[in-house]
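Remarks on the overall topology
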Amino acid sequence: MTVNLEVADGVGTIRLDRPPMNALDIATQDRLRELAEEATRRDDVRAVVIWGGEKVFAAGADIKEMQVMDHAAMVVRSKALQDAFTAVARIPKPVVAAITGYALGGGCELALCADFRIAADNAKLGQPEILLGLIPGAGGTQRLARLVGPSKAKDLIFTGRQVKADEALTLGLVDRVVPAAEVYEQAHAWAARLAAGPALALRAAKESVDAGLETDIDTGLTIERNWFAGLFATEDRETGMRSFVEEGPGKAKFR
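Residues numbered from 1 in each chain as written. Predicted model: local features only at pLDDT ≥ 70, side-chain atom pairs only at ≥ 80, totals over all residues. Heavy atoms only, no water.

Relative to strand 2 (residues 11-16), strand 1 (residues 3-8) is paired through 6 bridges, and the arrangement is antiparallel. In the sheet register, L5 faces strand 2, and the bridge partner there is I14. Counting the residues that bridge the hairpin from strand 1 to strand 2 gives 2 residues, and of these D9 lies at a positive phi of roughly 55°. (Pairing = 2+ DSSP bridges. Helix = DSSP H or I, 4+ residues; strand = E, 2+ residues; numbered from the N terminus.)

Structure follows, in structure tokens:
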């Protein structure tokens, strides 16, 4: 398999495994969607790490495969391509990308689907599709602009240039830069910490932020209000408030 899902201690690791560069061919895209949907369904997966291995995250689409596709073929395939990445973005649990080496094109777009991005100090990110006479097609024009703002996104998309980890951090494209040997360990620790948290509240927080960004503030506040009130019907809310009153903050043990 070109993508695998391994689960331990509440953390599901979606591992890209298509050496040497984890090129995202059609089979890999489809498998990614399947595993994102599986991670969504599984109760034993409470947080997710997306990981390409020690050397490379993902160097983009399989260009040789794309080269033989004509307009009609891509009209059909482009929806499935976007659906695969959207399945990752819509996992209703905390998701962190552990980025080593190259995260280019589709690889960068995959990282954009995560809630948090930890990059190796040797990482390079970018959207080089313009150099092929194309634009990003797996969400890059949309998610990148929402993350770093339209001007910075246009700079990266228009030029197709690659940015090193330190510039990616300055741009807001990644959230933390660490030594390459520590990327997965730190990503897993971030996910494991949240995996021990209140699952429904985390889902509510993620969906409130993500849905709110797609609409006006009044609608966003309504989404937040409905989730906020709804959480008062959960066992986690009872556990959290009881623990706070009896033991102080930050000591609740959620099931």
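Our next topic: the environment of G139. Following the sequence through the fold, G139 ends up in the loop between strand 7 (124-126) and helix 5 (140-148). Leave out the neighbours within four places in its chain, and G139 touches E109 and L144. (Contact = heavy atoms within 4.5 Å.)

For strand 4 (residues 95-99), a buried count of 5 out of 5 residues is recorded, marking the element as mostly surrounded by other parts of the structure. Of the two faces of strand 4, both are covered, the one formed by V95, A97 and I99 as well as the one formed by V96 and A98. Here strand 3 (residues 47-51) pairs with strand 4 via 4 bridges, running parallel. Considered in strand 4, the bridge of V48 is made with V95. (Buried < 20%, exposed > 50% of the residue type's maximum accessible area, 1.4 Å probe, protein only.)

For the rest of this paragraph, the subject is the pattern of salt bridges. Across all of its chains, the model carries 15 salt bridges by this definition. R42 serves as the salt-bridge partner of D44, at 2.8 Å between the closest nitrogen and oxygen. Of the residues examined, D44 reaches a relative accessible area of 38% and is grouped as partly exposed. With a relative accessible area of 27%, R42 lands in the partly exposed category. Through salt bridges with shared partners, a single network forms among R18, D25 and D62. (Salt bridge = Lys/Arg side-chain N within 4 Å of Asp/Glu carboxyl O.)

Ordered in space as 1-2-3-4-6-9, the 6 strands form an open sheet in which the pairing is mixed. Two strands lie at the open edges of the sheet, namely strand 1 and strand 9 (176-178), each paired on one side alone. If you compare each strand with its neighbour and ignore which way they point, the axes differ by 20° on average. Examined bridge by bridge, strand 6 (residues 116-120) and strand 9 share 3 bridges and lie parallel to one another. (Axes fitted to C-alpha atoms, helices over the stretch in contact; angles between N-to-C directions.)

Note that soluble globular proteins tend to have their nonpolar side chains buried in a common cluster. Judged by nonpolar contacts, the single largest core of 46 residues is most densely connected at F57, I99, L125 and L173. Tallying contributions element by element places helix 3 (residues 71-89) first for this core, with 6 residues. Counting 15 residues, the second largest nonpolar core, distinct from the first, contains A47, V96, I118 and A191. (Core = buried A, V, L, I, M, F, W, Y, C linked by side-chain atoms within 4.5 Å.)

Below, the discussion takes up the packing of helix 9 (residues 199-213) against helix 10 (residues 217-230). Orientation of helix 9 relative to helix 10, taken along the N-to-C sense of each, is 170°, at an axis distance of 9 Å. Taken together, the axes of helix 9 and helix 10 are roughly antiparallel relative to one another. Contacts between helix 9 and helix 10 pair L200, R203, A204, E207, S208, A211 and G212 from the former with G220, I223, E224 and W227 from the latter. Of the residues assigned to the contact of helix 9 with helix 10, the class counts are 5 nonpolar, 3 polar and 3 charged. (Parallel < 35°, antiparallel > 145°, perpendicular 65-115°, else oblique. Nonpolar A, V, L, I, M, F, W, Y, C, P; charged D, E, K, R; others polar.)

Okay, helix 11 (residues 235-247) next. End to end, helix 11 covers 17 Å across 13 residues, agreeing with the expected 18 Å (1.5 Å per residue, within 8%). For helix 11, every residue scored as buried is listed here: D236, T239 and S243. Here the buried residues of helix 11 occupy an arc of 60° about the axis, which is enough to place them on one side. Residues of helix 11 that are exposed and point over 90 degrees away from its buried face: F244 and V245. In this fold, the buried residues of helix 11 make contact with helix 9. Positive backbone phi, at 100°, marks G248, one or two positions downstream of helix 11. (Expected span 1.5 Å × (residues − 1). Arc of directions from axis to C-beta.)

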